[in-house]
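Topology and contacts: notes
Residues per chain are reported as follows:
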Amino acid sequence: MDSLLKYLPLRLSRALAHQSDSFLSRITEIRLRDSLPFSVCIGSESFTFDENNELSSLSDGIITTSEDVAECLERLCSSSLYSFEETIKNGFIPLERGCRAGVCGEFTLSESGALTPSRITAINIRVMHLKREFGKKLCLHYQKNGLSDTLVISPPSFGKTTLLRSVATLLCEGELGTPLKTAIVDERRELYVKGMTWGLIDVISGCPKGYGIELMTRTMSPDAIICDEISVNECEAIKNSRGSGIVFIASIHSSSLKQALSRPFVRSLILERVFETFVVIKKDYSYDVFSADELKKI
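Treat the numbers as computed from the prediction; the structure is a model and nothing was measured.

What counts, and where the lines are drawn
Residues numbered from 1 in each chain as written. Predicted model: local features only at pLDDT ≥ 70, side-chain atom pairs only at ≥ 80, totals over all residues. Heavy atoms only, no water. Axes fitted to C-alpha atoms, helices over the stretch in contact; angles between N-to-C directions. Helix = DSSP H or I, 4+ residues; strand = E, 2+ residues; numbered from the N terminus. Parallel < 35°, antiparallel > 145°, perpendicular 65-115°, else oblique. Left-handed = near helix turned anticlockwise from the far one by under 90°. Contact = heavy atoms within 4.5 Å. Nonpolar A, V, L, I, M, F, W, Y, C, P; charged D, E, K, R; others polar. Buried < 20%, exposed > 50% of the residue type's maximum accessible area, 1.4 Å probe, protein only. Pairing = 2+ DSSP bridges.

**Some points on the packing of helix 6 (residues 136-145) against helix 7 (residues 160-172)**
Relative to each other, helix 6 and helix 7 sit at 50°, their axes nearing to 9 Å. Taken together, the axis directions place helix 6 and helix 7 in an arrangement best described as oblique. In the packing of helix 6 onto helix 7, the handedness of the crossing is right-handed. Facing Lys 136, Leu 138, Cys 139 and Tyr 142 of helix 6, the residues of helix 7 in contact are Val 167, Leu 170 and Leu 171. Its residues assigned to classes, the contact of helix 6 with helix 7 comprises 6 nonpolar, no polar and 1 charged.

Encoded structure:
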């Protein structure tokens, strides 16, 4: 958390510095919204602070100014907004150690048809968590049933990236008996954290997930590929990787397995038995593991 406070204007960082270590260690997001209360999230809950840096009601919360947002953006970009123009167009700024800042606001359409940000009005600093043992339960499932293609389902901020990071670490260090060659496709530079493991891990970052999956399949001969937040754009690459004998572990945003199944591309992947294991993350860093044969019971 200390490494993220440097991105905040002093009057906002003071509000966090005033809180207990226990509170700070659980924060998943830091939110700045122009002319609205400064807040943080712990899972699905939001918290605001008053002018005395105490937890407060929404109506008494410190109001973030446009100057606060501009100062934070400048710090996030190391005073070089131009250097991050391309990622900002895609709604994020990559930070060190697997953290990321999401941004939104006003965009303009140029004569060439390109969208460019004209004014950022909100920033969401996502806080990275390392929980090495979080993936133990899933690895126990693999030990009993064999390593299998896995889809992790979770609402935002419930720990899906943390789980993928843990599973990658455990697999490449030999949790299943022998170290597995594990590849991470990290499009937004938030899944892999340098130094998180001493195991057999390869990482490609900053490129579209579909391209990264195909490149890892062709060049690195991994036992497993892990990536976050798949979409319809990666379906073909995932299917091709499986055809090469590679196990795929991925995640999607969804509040439940039922909701996930309502998305056509997810239903298609499941009907084709692309995924054989399903993880549904719940509050407080807990989750359930299901096999494909158990889906009809849910």
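Still more to cover.
**Quick look at the packing of helix 8 (residues 209-219) against helix 9 (residues 235-243)**
Packing of helix 8 against helix 9 leaves a shortest axis separation of 8 Å and a crossing angle of 15°. As the angle between them shows, helix 8 and helix 9 are arranged roughly parallel. In the packing of helix 8 onto helix 9, the handedness of the crossing is left-handed. Of the residues in helix 9, those in contact with Gly 210, Ile 213, Glu 214 and Thr 217 of helix 8 are Ala 237, Ile 238 and Ser 241. Residues of the contact of helix 8 with helix 9, tallied by class, amount to 3 nonpolar, 3 polar and 1 charged.

**Concerning the pairing of strand 9 (residues 182-186)**
Judged by how many residues are buried, strand 9 sits mostly within the fold: 5 of 5 residues are covered. Residues Thr 182, Ile 184 and Asp 186 point to one face of strand 9 and Ala 183 and Val 185 to the other, with burial holding for every one of them. Note: strand 9 against strand 10 (residues 201-205), 5 bridges, orientation parallel. For Asp 186, the partnering residue across the bridge sits in strand 10 and is Ser 205. With 4 bridges connecting them, strand 9 and strand 11 (residues 224-227) associate as parallel partners. Paired with Ala 183 across the strands is Ile 225, a residue of strand 11.

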